[in-house]
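Listed below, chain by chain, are the residues.
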Amino acid sequence: MELSNEIILRPRFKFNVNEPNEDLLTLFEDSGKKQKNFIVTRVDDHVFIKIPKDKQHFWSPQLHLEINEDYDKKELSTIYGLFGPNPTVWTMFMFFHFVVAGFFIGFAIWAYVNWSLESSYAIQLFTTLLMVVIWFALYFSGRIGKKAGMSQMHELHHFMRDTLRSKDIHAI
């Protein structure tokens, strides 16, 4: 089932190239050293492309590329890309989601127990509904953040594309 990008907070992509993965990884390392507009970091088969600190804002994205070699044909590579916020921001958002989910479940159980004991459960029910509102607020703030970082996301994508085109590499 195909998902629309309208509901995805961290867009992903995948394509194949007619180059060995080590050549591509070296290409990104070298292009990162030749310019100052992006910070390019390589760890094994992973390349992280980030916005420099002086241009970053809270919602600044980063591009994570995983460049794997094809097991059958060593001259082919698959590039997996993932746009996302700074890992610290993403971890904070996930933490907030889990806390809200935990409170939602806890207060819902507490409201049910009070209801079954025929005791007052208005505060627990209100808090449970408040958690739903907070959950939506977290989701929409993530969407707003994605929109705020959209121009930088395009810059990261163009850098990746231009780096690949610099060696005349085309996706299959």
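Residues numbered from 1 in each chain as written. Predicted model: local features only at pLDDT ≥ 70, side-chain atom pairs only at ≥ 80, totals over all residues. Heavy atoms only, no water.

(A) Quick look at the pairing of strand β2 (residues 39-43). With five bridges joining them, β2 and strand β3 (residues 46-50) adopt antiparallel strand pairing. Note that in β3 the partner of valine 40 across the bridge is isoleucine 49. Between β2 and β3, which pair antiparallel one after the other, the connecting turn spans two residues, and aspartate 44 there sits at a positive phi close to 55°. (Pairing = 2+ DSSP bridges. Helix = DSSP H or I, 4+ residues; strand = E, 2+ residues; numbered from the N terminus.)

(B) Inspection of helix α2 (residues 87-116) at higher detail. Taking 1.5 Å as the rise per residue, α2 with 30 residues should run 44 Å; its terminal C-alpha atoms sit 43 Å apart, in good agreement. For α2, the set of buried residues is Val89, Phe93, His97, Val100, Ala101, Phe107, Ala111 and Asn114. In this fold, the buried residues of α2 make contact with β5 (77-85) and α3 (122-148). Put simply, asparagine 86 is the residue that caps the front of α2, since its side-chain oxygen is 2.9 Å from the backbone nitrogen of threonine 88. (Expected span 1.5 Å × (residues − 1). Buried < 20%, exposed > 50% of the residue type's maximum accessible area, 1.4 Å probe, protein only. Contact = heavy atoms within 4.5 Å. Polar contact = N/O pair within 3.5 Å; in protein donor to acceptor, adjacent residues only side chain to side chain.)

(C) Region of interest: the nonpolar core. One finds Phe28, Ile49, Leu63, Leu65, Ile79 and Met160 to be the most contacted residues of the largest nonpolar core, which totals 20 residues. For this core, the secondary structure elements donating two or more residues are β1 (12-17), α1 (21-33), β3, β4 (61-69), β5 and α4 (150-166). The element contributing the most residues to this core is α4, with five residues. Residues Val89, Phe93, Val100 and Met131 belong to the second largest nonpolar core, which totals five residues. (Core = buried A, V, L, I, M, F, W, Y, C linked by side-chain atoms within 4.5 Å.)

(D) Looking closely at a nonpolar patch on the surface. Judged by side-chain polarity, Ile105, Ile109, Tyr112, Val113, Trp115, Leu117, Tyr121, Leu125 and Leu129 come together as a nonpolar surface patch covering roughly 930 Å² of accessible area. Where the nonpolar patch is concerned, the elements lending two or more residues are α2 and α3. Sorting elements by how many residues they give to the nonpolar patch places α2 first, with five residues. By the element assignment, tyrosine 121 lies in the loop between α2 and α3. (Patch = residues over 30% accessible without salt bridge, like charges linked within 9 Å, V, L, I, M, F, W, Y side chains within 5 Å. Areas by Shrake-Rupley, 256 points an atom, 1.4 Å probe, with all protein chains shown as cover. Salt bridge = Lys/Arg side-chain N within 4 Å of Asp/Glu carboxyl O.)

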